[in-house]
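# Summary of the model geometry
Chain by chain, the residues:
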Number of protein chains: 2
Amino acid sequence: MAGYVSDAVIRRLPGYYRHLQELEREGAQQISSQELGARMNLTASQIRQDINCFGGFGRQGYGYSVPELRENIGRILGIDRIHSMLIVGAGNIGRAIANSNSFEASGFQTTAIFDVDPQKIGTRIGDLTVMDMADIHDYIADNKVDICVLAVPANIAQAVAQELSSYGIEAFWNFAPVDLKLPEGCVLMNVHLEEGLQVLSYRMLNKRPR
Amino acid sequence: MAGYVSDAVIRRLPGYYRHLQELEREGAQQISSQELGARMNLTASQIRQDINCFGGFGRQGYGYSVPELRENIGRILGIDRIHSMLIVGAGNIGRAIANSNSFEASGFQTTAIFDVDPQKIGTRIGDLTVMDMADIHDYIADNKVDICVLAVPANIAQAVAQELSSYGIEAFWNFAPVDLKLPEGCVLMNVHLEEGLQVLSYRMLNKRPR
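Residues numbered from 1 in each chain as written. Chains lettered and ligands numbered in written order. Predicted model: local features only at pLDDT ≥ 70, side-chain atom pairs only at ≥ 80, totals over all residues. Heavy atoms only, no water.

## Focus on the domain arrangement of chain A
Here is the rule: Segmentation into domains, and thus their bounds, comes from an automatic or database assignment.
Parsing chain A into structural domains produces domain 1 (7-77) and domain 2 (83-195). Between the C-alpha centres of domain 1 of chain A and domain 2 of chain A there is a distance of 32 Å.

## Quick notes on the side chain of His19 of chain B
Note the following rule: Each helix corresponds to a stretch of at least 4 residues labelled H or I by DSSP, and each strand to a stretch of at least 2 residues labelled E; elements are numbered beginning at the N terminus. Burial classes follow relative accessibility: with a 1.4 Å probe on protein chains only, a residue under 20% of its type's maximum area counts as buried, one over 50% as exposed, and anything between as partly exposed. Contacts between residues were defined by any pair of non-hydrogen atoms, one from each residue, lying within 4.5 Å.
Within the secondary structure, His19 of chain B is located in helix H1 (residues 7-25). Assessed through its relative accessible area of 5%, His19 of chain B is described here as buried. Other than its neighbours up to four places away in sequence, His19 of chain B contacts Asp179 of chain A together with Leu36, Arg39 and Met40 of chain B.

## Details of the environment of Arg11 of chain A
Tracing the sequence through the fold places Arg11 of chain A in helix H1 (residues 7-25). Separated by 157 residues in sequence, Arg11 of chain A and Gly168 of chain A have C-alpha atoms that sit 26 Å apart.

## Looking at the sheet that holds strand E7 (residues 128-132) of chain A
Heads up, the rule is: Whether two strands pair comes down to DSSP finding at least two bridges between them. Working convention: axes come from line fits to C-alpha atoms, limited for helices to the stretch in contact. Angles between N-to-C directions cover 0 to 180 degrees.
Taken in spatial order, the seven strands line up as E6-E7-E5-E4-E8-E9-E10 (chain A) in an open sheet, and their pairing is mixed. Strands with a single pairing partner mark the edges of an open sheet, and in this sheet they are strand E6 (124-125) and strand E10 (187-190) of chain A. Contacts from helix H9 (residues 193-206) of chain B reach strand E4 (83-88), strand E5 (108-115), strand E8 (147-150), strand E9 (171-174) and E10 of chain A, with the element oriented near 165 degrees to E10 of chain A.

## Observations regarding the packing of aromatic side chains
For the record, the criterion: Centre distance within 6.5 Å is the pairing criterion for rings of Phe, Tyr and Trp, where only the six-membered ring of Trp is used; planes under 30 degrees apart are then read as stacked, over 60 as edge-to-face, and the remainder as tilted.
Counted according to the given criterion, the structure contains six aromatic pairs over all chains. Look at Phe114 of chain A and Tyr139 of chain A: their rings are 5.5 Å apart centre to centre, the planes differ by 70 degrees, and that puts the pair in the edge-to-face class. Linking Phe114 of chain A in strand E5 with Tyr139 of chain A in helix H7 (residues 136-142), this pair joins segments that are 25 residues apart in sequence. Accessibility classification places Phe114 of chain A together with Tyr139 of chain A in one group, the buried group. Judged by centre distance (4.9 Å) and plane angle (70 degrees), the ring pair of Trp173 of chain B and Phe175 of chain B falls under edge-to-face. For the pair Trp173 of chain B and Phe175 of chain B, one class covers both residues: buried. Members of the aromatic cluster, each reached through a chain of ring pairs, are Phe103, Trp173 and Phe175 of chain A.

## Some remarks on the environment of Asp50 of chain B
Residues and elements named next belong to chain B. Considering the arrangement of structural elements, one finds Asp50 in helix H3 (residues 44-52). Look at Asp50 and you get buried, because its relative accessible area is 3%. For Asp50, the contacting residues outside a window of four places in its chain are Val9, Arg12 and Tyr16.

## A short note on the packing of H1 of chain B against helix H2 (residues 33-40) of chain B
All names here are of chain B. Inclusion rule: Roughly parallel here means an angle under 35 degrees, roughly antiparallel means over 145, roughly perpendicular means 65 to 115, and every remaining angle is called oblique. Residues are grouped as follows: nonpolar covers Ala, Val, Leu, Ile, Met, Phe, Trp, Tyr, Cys and Pro; charged covers Asp, Glu, Lys and Arg; every other residue, Gly included, is treated as polar.
Where H1 contacts H2, the axes come no closer than 11 Å and their chain directions differ by 110 degrees. When the interaxial angle is binned, H1 and H2 end up roughly perpendicular. Across the interface between the two elements, Gly15, Tyr16, His19, Glu22 and Leu23 from H1 touch Leu36, Arg39 and Met40 from H2. Its residues assigned to classes, the contact of H1 with H2 shows four nonpolar, two polar and two charged.

## A few points about empty space enclosed by the protein
The gaps left among the atoms become clear once a water-sized probe is rolled over them. In plain terms, the rule: Note on definitions: the grid is 1 Å and covers protein atoms alone; a cavity is a set of points where a 1.4 Å probe fits but cannot get out; a pocket is an open set with protein on both sides within 12 Å along at least five of seven lines; lining residues have an atom within 4 Å of a point. Grid points are joined across faces, edges and corners, and a volume is the space filled by probe spheres set on the points.
Per the stated rule, a full pass over the model turns up three cavities of 30 Å³ or more. One number sums up the size of the largest cavity: a volume of about 50 Å³. Lining the largest cavity are Ile93, Ile97, Phe175 and Leu193 of chain A together with Ile93, Ala96, Ile97, Phe175 and Leu193 of chain B. Where the lining of the largest cavity is concerned, the elements lending two or more residues are helix H5 (92-99) of chain A together with helix H5 (92-99) of chain B. By residue number, the principal contributor to the lining of the largest cavity is H5 of chain B, which donates three residues. Here the lining of the largest cavity is composed, by residue class, of nine nonpolar, no polar and no charged.

## Some thoughts on the interface of chain A and chain B
Keep this limit in mind: Between Lys or Arg on one side and Asp or Glu on the other, a salt bridge is scored when a side-chain nitrogen of the former is within 4 Å of a carboxyl oxygen of the latter. Under the rule applied, a polar contact is a pair of N or O atoms within 3.5 Å (in protein, one hydrogen donor and one hydrogen acceptor; residues adjacent in sequence only if both atoms are side-chain atoms).
Every contact between the two is made by 64 residues of chain A and, on the other side, 64 residues of chain B. On the surface where chain A and chain B come into contact, there are eight salt bridges. Of the charged contacts in the structure, one is a salt bridge between Asp179 of chain B and Arg18 of chain A, with a shortest N-O distance of 3.2 Å. Run the count over chain A and chain B and you get 30 residue pairs in polar contact (both at pLDDT 80 or more). Tallying contributions element by element places helix H9 (residues 193-206) of chain A first for the side of chain A that touches chain B, with 14 residues. A class-by-class count of the residues in the side of chain A that touches chain B yields 32 nonpolar, 16 polar and 16 charged.

Encoded structure:
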């Protein structure tokens, strides 16, 4: 496997994985970089470049084996295993993630959801019961937790992340609109929904006229 | 204002806007590129480069005026106005967005939510009543709709987007895990939640050891 790979390439990998999954379902065995590019709105040379970053997997003139490439990209992404997720915050976003089964289907299993609100603690969300934030330390000590989903208000997100990282959590999927400062060794993925809307607003204002 | 601005710069603008809003709330009048960079985990020269893309707004040795820069970036993003949003799909994500008031607070107002499910049509989500998808054409004809939120299953997202664009909708905030093909003149922002989780998984696997 290659050394440094740019963030832009890594962010495209899940798209490759998704398209290859669809191709597998359609029964495709082989695909050329041209065909894959047309599907993904990328050029054939972009496709070849991206895949070369990870050591090839194709043969000149034969294209790529769909199942092999899908499997290899899955392994590179680390999604060939189960990840257990704990959600902090049983508000709109926390509930939506807990209720969704699309993450579960790809190996990201929500195993617990916590809140501080006495009105929410003890209520059911799908198969889960909302637990008391006061018990989160014990829960983490007793259970395997790979990822913490931060679905808390912006003003407490940093404190919650800090607390959880002191309990050993090293991966955060953050929905709060803040730039978290995390200890060395932690990894982070931000979903700043509102900022996405603002980028959409920019695109609306700056699109080429029809 | 400058001509072509890269997507990477545009995607950073909402972060600038958020930090400048916070600074304004804290009562800051002026900020240097060094100070702003430290807050945002960017270098001072990156900050100056980004802001120069849009024609400056700073004075050598004085830094930036916080309220002016915030206002200018808001204007560039087009968030100095109200956007009305229509949600298609009253599932987990559609409900979470309809129930949230953080979008509303920054001028993105959800004005209607539609679904095809007779069990959902007529039910209340916050201040809204879920409407019948069969009535969406009439609704769009009679009301100002700036943005359509696609919170529908992947297998129908393309068809729904096509239908709505034929009714004149030109901006889509898409939560379905598909690469939509939209007519010329349409703009799109994707939120592929599951793909973000996969990138997080990659980062977990490839982080430098503590």
